[in-house]
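Descriptive analysis of the structure
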Amino acid sequence: MVALDSILAAEVNSLREKDLLWNIKQLQGPSVPRSKVDGKDVVMLCSNNYLGLSDHPALKEAAIEAVKKYGAGSGSVRAIAGTMDLHIRLEEVIAKFKKTEDCIYYQSGFTANSGAIPQLGVEGDLLISDELNHGSIIDGVRLTKAGRAIFKHKNMDDLKRVLEENKGKAKKTWVITDGVFSMDGDIAPLGEISKLAQEYGAYVYVDDAHGDGVLGDHGRGITDHFHLHGKIEADMGTFSKGFGVAGGYIAGSKTLKEFLLNKSRTYLLTGSHPPATVAACIAAIELLEKDDTLVKKVWENTKYFKGELKEKGFNTGESETPITPIMLGESAVAKKFSQELFAEGVFALPIVFPMVAQGKARIRTMMTAAHTKEDLDFALGKIEKVGQKLGVVK
Ligand SMILES: *Cc1c(COP(=O)(O)O)cnc(C)c1O
């Protein structure tokens, strides 16, 4: 018998040869703009903590209180005995925030997509995806016998072509798209998608992972940003990014919720989130309902940071959101750039092939509301220094 480890090691080695192994860094404390990472004090530019909520006193306090009142765990899966009043309250709070009839809360955004999509699209249906959709959508689509089609990234002519070619062929047709695309920080044309979908009798499923807390009034997300309330059948999102905690959700009609909670295996067969997590999620939404200061701040920081990068001669690609890539071209340059920055005390990850196309390597920076101007100026100074050293800018 061949030892399992030797088979696995061969695979790992092949990744190593291509320089594709993850080198996972350790955060030694909270995720804040000045974080300690692998023993080094750095300015954090690669967290998705857009509003700085993961270390917010109101969320921490809510979590602590929930532990005292409800304990450390929930005791069961949601469907059996793991639905506490907290879980229900959270679903109500999300539905109100997203202006939908109801909402279902999952363990994560990943399990929302991988659990809901294979139930919403079954044999005889058609799932149409933007080519750059997130991996959790791709996995959800792979778990079903529904027909599949892809349209070119944000290309409405191509979406129309796919809808036209499949006209009348499927029982249900879904158009599935990320709201904000995580590699480039560009925004899906959801209004046009919704219009086309209506024209062809298709439903829309949007993944708002990077729009939650960022886009729309008080950070209500992409549906609010485009004033599409009532027109998006499945409004999916996550608490692990802008909302600063963990968990996924799908907001929509009461019937959608009832359908999903009876059908999604990732809802039915996994222990529910512990009280601390749920209470912190509620606190995040309640805070945003009351006050949009942090949403305004992340945009203010984004505008400043992006403006300064352009001023210094960097190319920030297609970005329209706090996700700000610095386009560098070759993978090797992006990797070197990230290493040099880390040595200078700035933490930003390289994004290289195959995560993005060949020649489109970049480092990806992400703004948060918690960064001070001083943090940003420090980071900008180091980015310029490394950029000059590597001949990216003059
Ligand atoms: C991060 C992300 C997810 C997964 O969300 P989690 O709650 O972290 O599992 C899903 N979709 C997109 C677009 C994401 O960026």
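A short note on the sheet that holds strand E2 (residues 40–44)
In sheet architecture, strand pairing relies on hydrogen bonds along the backbone and comes in two forms, parallel and antiparallel. On the basis of which strands lie adjacent, the open sheet formed by 3 strands has the order E1-E2-E11 and mixed pairing. Because the sheet does not close on itself, it has two edges, and the strands there are strand E1 (34–37) and strand E11 (346–347). Bridge analysis of E2 against E11 gives 2 bridges, and the strand direction is parallel. In the strand pairing of E11, methionine 44 is matched with phenylalanine 347.

A look at a nonpolar patch on the surface
Where nonpolar side chains cluster on the molecular surface, the patch consists of Val2, Leu4, Ile7 and Leu8 and spans about 390 Å² of accessible area. Residue placement: leucine 4 occurs in helix H1 (residues 4–17). Judged by its relative accessible area of 55%, leucine 4 falls in the exposed class.

What to know about the pairing of strand E6 (residues 173–178)
Along a regular strand, successive side chains alternate from one face of the sheet to the other. By the criterion of burial, E6 is predominantly enclosed, with 6 of the 6 residues buried. Burial along E6 is two-sided: the residues Thr173, Val175 and Thr177 and Trp174, Ile176 and Asp178 are all buried. In the sheet, strand E4 (residues 126–130) pairs with E6 via 4 bridges, with the strands oriented parallel. Directly across from isoleucine 128, in E6, lies its bridge partner valine 175. Strand direction decides the pairing type here: E6 and strand E7 (residues 203–207), joined by 5 bridges, are parallel. Paired with tryptophan 174 across the bridge in E7 is tyrosine 203.

Examining helix H5 (residues 135–142)
Of the residues making up H5, those classed as buried are Ser136, Ile137, Gly140 and Val141. Each buried residue of H5 sits inside an arc of 140° when the element is viewed along its axis, so together they form one side. Those residues of H5 that are buried are in contact with helix H4 (109–120), E4, strand E5 (147–151), E6 and E7.

As for the environment of threonine 255
Looking at the element boundaries, threonine 255 is found in helix H9 (residues 254–263). The exposure class of threonine 255 is exposed, given its relative accessible area of 57%. Linking threonine 255 and aspartate 375, residues 120 residues apart in sequence, is a C-alpha distance of 47 Å.

Here's the deal with the domain arrangement of the protein chain
Partitioning the protein chain into structural domains gives domain 1 (26–50 + 292–389) and domain 2 (57–290). Between domain 1 and domain 2, the C-alpha centre-to-centre distance is 27 Å. In this assembly, domain 1 packs against domain 2 so that about 1600 Å² is buried in total across both faces, 61% of it on carbon and sulfur atoms. In this structure, the salt-bridge partner of arginine 362 is aspartate 184, at a minimum N-O distance of 3.0 Å. Those elements that provide at least two residues to the side of domain 1 that touches domain 2 are helix H12 (293–311), strand E10 (323–329) and strand E13 (361–366). Counting residues per element, the side of domain 1 that touches domain 2 draws most heavily on H12, which supplies 3 residues. When its residues are assigned to classes, the side of domain 1 that touches domain 2 shows 10 nonpolar, 4 polar and 5 charged.

Things to note about the environment of phenylalanine 337
Structurally, phenylalanine 337 is set in helix H13 (residues 331–343). In sequence terms phenylalanine 337 and valine 392 are 55 residues apart; their C-alpha atoms lie 9.6 Å from each other. Non-local contacts of phenylalanine 337, meaning those with residues more than four positions away in its chain, are made with Phe314, Leu328, Ile363, Ile383, Val386, Gly387, Leu390 and Val392.

Thoughts on helix H2 (residues 57–70)
Along its 14 residues, H2 runs 20 Å from first to last C-alpha, staying within 8% of the 20 Å computed at 1.5 Å per residue. The set of residues buried in H2 consists of Leu59, Ala62, Ala63 and Ala66. Taken down its axis, H2 places every buried residue within 100° of arc, on the same side. Of the residues in H2, the exposed ones pointing more than 90 degrees away from the buried face are Pro57 and Lys68. Structurally, H2 contributes buried residues whose contacts are with helix H3 (85–98) and helix H11 (275–290). In the segment just after H2, glycine 71 is the residue with positive phi, at about 95°.

Examining the nonpolar core
As a rule of thumb, soluble globular proteins bury nonpolar side chains together. In this structure, Leu45, Leu159, Phe239, Phe305 and Ile383 are the most contacted members of the largest nonpolar core, which totals 89 residues. By residue number, the principal contributor to this core is H11, which donates 10 residues. Residues lining this core come from more than one domain, with at least three contributed by each of domain 1 (26–50 + 292–389) and domain 2 (57–290). Setting aside residues no more than four positions away along its own chain, phenylalanine 305 makes contact with Leu45, Thr365, Met367, Leu376, Ala379, Leu380 and Ile383.

What counts and how
Residues numbered from 1 in each chain as written. Predicted model: local features only at pLDDT ≥ 70, side-chain atom pairs only at ≥ 80, totals over all residues. Heavy atoms only, no water. Pairing = 2+ DSSP bridges. Helix = DSSP H or I, 4+ residues; strand = E, 2+ residues; numbered from the N terminus. Patch = residues over 30% accessible without salt bridge, like charges linked within 9 Å, V, L, I, M, F, W, Y side chains within 5 Å. Areas by Shrake-Rupley, 256 points an atom, 1.4 Å probe, with all protein chains shown as cover. Salt bridge = Lys/Arg side-chain N within 4 Å of Asp/Glu carboxyl O. Buried < 20%, exposed > 50% of the residue type's maximum accessible area, 1.4 Å probe, protein only. Arc of directions from axis to C-beta. Contact = heavy atoms within 4.5 Å. Domains from an automatic or database assignment. Buried area = accessible area lost by both parts, 1.4 Å probe. Nonpolar A, V, L, I, M, F, W, Y, C, P; charged D, E, K, R; others polar. Expected span 1.5 Å × (residues − 1). Core = buried A, V, L, I, M, F, W, Y, C linked by side-chain atoms within 4.5 Å.

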